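Structural features, examined
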Amino acid sequence: MIKSGAQVKVVCTPNALDFVTPLTLSTLSKNAIYSHFFVKETGEWVNHVELGKWADAMVIAPCTANTLTKMANGYCDNLLLASYLSADCPVFFAPAMDLDMYLHPTTQQNISDLLRFGNIELPAVEGELASGLVGKGRMCEPEDIAHIMTSYFQKEKTLSGKTILVNAGPTYEKLDPVRFIGNYSSGKMGKAIANELASRGASVNLVLGPVTTDGIASNIRIVQIESAQEMYQACSEIFTTCDAAILSAAVADYRPAIQEDHKIKKKTEDFNLEMVKTIDVLKSLGEIKRNNQILAGFALETQNKYENALSKLAQKNLDFIILNSMNDTGAGFGKETNKITILEKSGKKHTFDTKPKKDVAIDVVNLLATYL
Ligand code: CTP
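Residues numbered from 1 in each chain as written. Predicted model: local features only at pLDDT ≥ 70, side-chain atom pairs only at ≥ 80, totals over all residues. Heavy atoms only, no water.

**Points about the overall build of the protein chain**
Of regular secondary structure, the protein chain possesses twelve helices and 21 strands. For the protein chain, the spread of C-alpha atoms along the three principal axes comes to 70 × 55 × 45 Å. Classification of the 372 residues of the protein chain by burial places 43% in the buried group. If you take every contact in the protein chain between residues at least 6 apart in sequence, the share linking residues at least 24 apart comes to 62%. Charge-centre separation for the protein chain: the mean point of 38 positive side chains lies 5 Å from the mean point of 42 negative side chains. (Helix = DSSP H or I, 4+ residues; strand = E, 2+ residues; numbered from the N terminus. Buried < 20%, exposed > 50% of the residue type's maximum accessible area, 1.4 Å probe, protein only. Contact = heavy atoms within 4.5 Å. Lys, Arg positive; Asp, Glu negative; His and termini not counted. Charge placed at Lys NZ, Arg CZ, Asp CG, Glu CD.)

So this is what it looks like as structure tokens:
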């Protein structure tokens, strides 16, 4: 990494120093080594918060079973863990351990927890292990780690300086203290768009309905809401400070007219529910949109898809609309893939094949980037 022009500071766990001397690491990194909360000789405090803020990326390699467990559970009993907990940059971790330790359900659970928190895994590889056994658990090769880091930073930060709002997921409309009306949206498409925007340097605000925050990059600001009204409040407030917004959430169109304070009891044979319209979040943003703001939405259709999408594009004052049809296999709620057509206000139409949502997000962000 030094050879590629990076500035490197090394933070060691106390155990790491049994394997490698501070002198080696400081000579190679051209910086002092950090291993304790205090510098022993002077008693000076090491500011782990500053270390975490200084870095553009943190790489934990090798990441032992012990450190992995502590990271996944928020332990803070050494300087490395304190720096990890304070870091607001992307964190890469390279598991390295014996094969059975690697395969142990606890380790696998910890790895998936770390991914869920937005960390990036540099996966272990198969090969000879310190124990003499051969299998998976060997640290990703240093050259490969350096290569992954270089490509990560080479991804052009074309959207840096841009602030973008994305919404995703369903809304839940409360009926009584134990029931709601909701939908099957998983939020995966919106999360993928938010991640793609963030990877290009945008500052991203994600207003998310009641779904898990798994897989969202750690540098995305998440505001979690439940109802359409809360979605409206959060989005309309954030939008005023944004350069663009892409609204992908499956916001409920109607909510129960009355929200009961107590559980509704089963008394009568029939039960009729009165519903009232919710606010259209996207339309309301279209009404307050400034000339220098870009607004895009989704259209989920089952029939007359182009006609309906074009009328939403016009009525909601959008720059472009992303149409997905529930009739296409590989598209829609909960799926890992999507098939979209983008219709622009200018009349241009872009059609795309069915692809993983992560790649669909690239297509959407490529188009948004031309506006910004
Ligand atoms: N939308 C919204 N607020 C609502 C309903 C929809 O912001 N109360 C947004 C969605 O996030 C999406 C777009 O409007 O970006 C279109 O949503 P869609 O469900 O396709 O259409 P609707 O406008 O709800 O109309 P209809 O259900 O009649 O098709």
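**Thoughts on helix α8 (residues 188-199)**
A rise of 1.5 Å per residue sets the reference length of α8, with its twelve residues, at 16 Å; its end C-alpha atoms lie 16 Å apart and thus fit the reference within 8%. Of all twelve residues making up α8, ten are buried, and the element is well covered by its neighbours. The inward-facing, buried residues of α8 abut β8 (163-168), β11 (203-208), β13 (244-247), β16 (294-301), β18 (337-338) and α12 (357-371). In the segment just after α8, glycine 201 is the residue with positive phi, at about 95 degrees. (Expected span 1.5 Å × (residues − 1).)

**Focus: the pairing of strand β19 (residues 340-344)**
Two faces make up the sheet, and in a regular strand the side chains alternate between them. Here β19 lies mainly inside the structure; five of its five residues are buried. Because side chains alternate across β19, one face comprises the buried residues Ile340, Ile342 and Glu344, and the other comprises Thr341 and Leu343, equally buried. As paired strands, strand β17 (residues 320-325) and β19 are joined by five bridges and run antiparallel to one another. Among the inter-strand pairings, phenylalanine 320 is bridged to a residue of β19, identified as glutamate 344. In this structure, β19 lies alongside strand β20 (residues 349-351), joined through three bridges in antiparallel fashion. For threonine 341, the partnering residue across the bridge sits in β20 and is threonine 351. (Pairing = 2+ DSSP bridges.)

**Focus on the nonpolar core**
Residues Ile193, Leu197, Phe320 and Val364 are the most contacted members of the largest nonpolar core, which totals 33 residues. Within the residue set of this core, elements represented by two or more residues are β8, α8, β11, β13, β16, β17, β19 and α12. Setting aside residues no more than four positions away along its own chain, isoleucine 193 makes contact with Val166, Ile246, Phe298, Ala361, Val364 and Val365. Listed in part, the 23 residues of the second largest apolar core include Ala234, Ile238, Ala299 and Leu323. (Core = buried A, V, L, I, M, F, W, Y, C linked by side-chain atoms within 4.5 Å.)

**Examining a positive patch on the surface**
A grouping of Lys263, Lys265, Lys266 and Lys267 is seen on the molecular surface, where their side chains present a positively charged patch. Looking at where lysine 266 falls in the secondary structure, it is placed in the loop between β14 (254-256) and β15 (275-277). By relative accessible area, which is 83% here, lysine 266 ends up exposed. (Patch = residues over 30% accessible without salt bridge, like charges linked within 9 Å, V, L, I, M, F, W, Y side chains within 5 Å. Areas by Shrake-Rupley, 256 points an atom, 1.4 Å probe, with all protein chains shown as cover. Salt bridge = Lys/Arg side-chain N within 4 Å of Asp/Glu carboxyl O.)

**Some thoughts on the pairing of β17**
Most of β17 is tucked away: six of the six residues are buried. Looking at chain direction, β16 and β17 are connected through six bridges and run parallel. Each residue of the ladder has a partner; that of alanine 296, found in β17, is phenylalanine 320. Taking the sense of rotation as the criterion, the β-α-β connection linking β16, helix α11 (residues 305-315) and β17 turns out right-handed. (Right-handed = clockwise from strand over helix to strand, strands pointing away.)

**With respect to the sheet that holds strand β3 (residues 58-63)**
Spatially, the three strands line up as an open sheet ordered β3-β4-β5, and their pairing is parallel. Taken across any chain shown, the strands that pair with only one partner, and hence form the sheet edges, are β3 and β5 (120-121). The pairing of strand β4 (residues 91-95) with β5 spans two bridges and is classified as parallel. Looking at β5, one finds that phenylalanine 92 is bridged to isoleucine 120. Lying on the sheet, helix α3 (residues 65-73) is in contact with β3 and β4; it crosses β3 at an angle near 135 degrees. Strands β4 and β5 of the sheet are contacted by helix α6 (residues 105-116), whose axis makes an angle of about 165 degrees with β4. (Axes fitted to C-alpha atoms, helices over the stretch in contact; angles between N-to-C directions.)

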